[in-house]
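Fold and contact review
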Amino acid sequence: MSSETRTVVVTGASRGIGHAIAQRFLAEGWRVITCARVEVPEACKIDRNWICHIAADLGDPAGAEAFIAKANAVLGSAPLHALVNNAGVSPKTPYKERLGVLNGPIDGWKDVFELNFFAPLRLARGFASALHRGKGAIVNITSIAGHYVHPFAGSAYSTSKAALSGLTREMAAEMAQLGVRVNAVAPGEIRTEMISAEYEALVPRIPLERMGTTGDVAGTVFRLCGDDFAYVTGTEVFVTGGQHLY
């Protein structure tokens with residue numbers, strides 16, 4: 001691969017926020033390597049800068065390591081300029097309840113943390129050398145639920161995102177010695193195909209009086225990876241329409 005064109009790795013890219021992030025980088029002329037549990041539709045891969053899509057379950061340590069190995073093989077000696085850790089899960093119990101403190105199996109919490117917390121850690125380590133070559137940036141997708149009790153998120157998801165916020169801070173301090181910046185983006189209520197009707201009740205609590213779009217998140221992520229933010233690291237940006245103010 002040419003080292004002149006910037007390259008980004010985006011996880012959880014088959015739909016929703018992750019897909020919008022990949023599309024934004026493509027629109028800006030970046031080379032994109034994506035990952036998701038499922039294949040991305042072929043119609044989405046017609047852009048010549050979409051280098052490859054690697055199907056992998058990042059919630060499985062072996063799957064995460066296999067993805068890292070395959071993506072690094074694609075990169076070769078070329079630099080990596082950005083890593084976007086977007087893949088995540090907000091699970092339900094067998095009774096369709098959100099996984100909380102008093103319900104659901106404890107092992108379910110371990111599964112949540114494996115994808116929402118440990119996968120970003122594994123990928124940061126696995127791509128550290130390539131990011132060092134590119135003096136790149138990492139953006140971790142956290143959540144408003146990692147900072148406030150959210151009526152629909154569930155405790156397992158919320159605490160995993162709170163942990164990822166803390167990890168972002170620690171990553172920023174440690175990876176600065178590699179010339180790599182690390183920030184986080186915390187979305188609020190973002191309208192995707194996974195949003196249910198119950199979320200409409202939260203709109204009156206949002207100062208901008210609307211749900212966000214996947215493009216709102218993608219634009220913020222893209223800017224954090226660019227030169228305008230070259231002196232920004234260890235920061236978490238709330239893309240919430242002001243909801244986090246209350």
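One structure accompanies this document, and this report is about it. Predicted model, so just to flag it, every value in this text is computed and none were measured. (Residues numbered from 1 in each chain as written. Predicted model: local features only at pLDDT ≥ 70, side-chain atom pairs only at ≥ 80, totals over all residues. Heavy atoms only, no water.)

So, about the overall build of the protein. What the protein contains, in helices and strands, is six helices and seven strands. Secondary structure of the protein in N-to-C order comes out as β-α-β-β-α-β-α-α-β-α-β-α-β. For 246 residues, the compact-globule formula gives about 18 Å, and the C-alpha radius of gyration of the protein, at 17 Å, lands near that figure. C-alpha extents for the protein along the principal axes are approximately 50 × 40 × 40 Å. Taken over 246 residues, the protein has a buried fraction of 52%. (Helix = DSSP H or I, 4+ residues; strand = E, 2+ residues; numbered from the N terminus. Rg over C-alpha atoms; globule rule 2.2 N^0.38 Å. Buried < 20%, exposed > 50% of the residue type's maximum accessible area, 1.4 Å probe, protein only.)

What follows is about the nonpolar core. Leu58, Phe67, Leu123, Phe127 and Ile138 are the most contacted members of the largest nonpolar core, which totals 37 residues. Every element with two or more residues in this core is listed here: β2 (31-36), β3 (50-55), α2 (61-75), α3 (106-126), α4 (128-134) and α5 (155-175). For this core, the leading source of residues is α3, giving eight residues. Aside from chain neighbours lying at most four places away, what touches isoleucine 138 is Leu83, Asn85, Ala124, Leu131, Met175, Val180, Arg181, Val182 and Asn183. (Core = buried A, V, L, I, M, F, W, Y, C linked by side-chain atoms within 4.5 Å. Contact = heavy atoms within 4.5 Å.)

With that out of the way, let us pick up the sheet that holds strand β1 (residues 7-11). Strand order across the open sheet formed by seven strands is β3-β2-β1-β4-β5-β6-β7, with parallel pairing between neighbours. Because the sheet does not close on itself, it has two edges, and the strands there are β3 and β7 (236-239). Each adjacent strand pair in this sheet contributes to an overall mean axis angle of 15°, direction not counted. Running at roughly 170° to strand β6 (residues 181-187), helix α6 (residues 214-224) makes contact with β4 (82-85), β5 (137-141), β6 and β7 of the sheet. (Pairing = 2+ DSSP bridges. Axes fitted to C-alpha atoms, helices over the stretch in contact; angles between N-to-C directions.)

Looking now at unusual backbone geometry. Despite not being glycine, lysine 135 has its phi angle at roughly 45°, a positive value. Locating lysine 135 in the fold gives a position in the loop between α4 and β5. Taking the relative accessible area as the measure of exposure, lysine 135 reaches 53% and is therefore exposed.

Let us look at α3. Taking 1.5 Å per residue, 21 residues should reach 30 Å; α3 reaches 28 Å between its end C-alpha atoms and fits that length. Taken as a whole, α3 carries its principal kink of about 45° at phenylalanine 118; the proline proline 120 stands between one and four residues after it. Here the buried face of α3 lies against β1, α2, β4, α4, β5 and α5. (Expected span 1.5 Å × (residues − 1). Bend = angle between axes of the 7 residues up to and from the residue.)

We now examine the packing of aromatic side chains. Counting across every chain of the model gives six aromatic pairs. Geometrically, the ring pair formed by phenylalanine 67 and phenylalanine 127 is edge-to-face, given 6.0 Å between the ring centres and 75° between the ring planes. In this pair, phenylalanine 67 is assigned in helix α2 and phenylalanine 127 in the loop between α3 and α4, connecting sequence segments 60 residues apart. Phenylalanine 67 gets classed as buried once you look at its relative accessible area, which sits at 0%. Ring plane angle 55° and centroid distance 6.3 Å describe the contact between phenylalanine 113 and phenylalanine 117, whose orientation is recorded as tilted. Linking phenylalanine 113 with phenylalanine 117, this pair stays in helix α3, spanning four residues, or about one helical turn. Each member of the pair, phenylalanine 113 as well as phenylalanine 117, is classed as buried. (Phe/Tyr/Trp six-rings, centres within 6.5 Å; stacked < 30°, edge-to-face > 60°.)

Let us now look at α6. For α6, every residue scored as buried is listed here: Val217, Ala218, Gly219, Val221, Phe222 and Leu224. Packing partners of the buried residues in α6 comprise α1 (16-27), β4, β5, β6 and β7.

Turning to its location among the elements, serine 160 is positioned in helix α5. The class for serine 160 is buried, based on a relative accessible area of 0%. At 2.7 Å, the side chain of serine 160 forms a polar contact with the backbone oxygen of tyrosine 157. If we ignore the near neighbours within four places in the chain, the residues touching serine 160 are Val112, Phe113 and Asn116. (Polar contact = N/O pair within 3.5 Å; in protein donor to acceptor, adjacent residues only side chain to side chain.)

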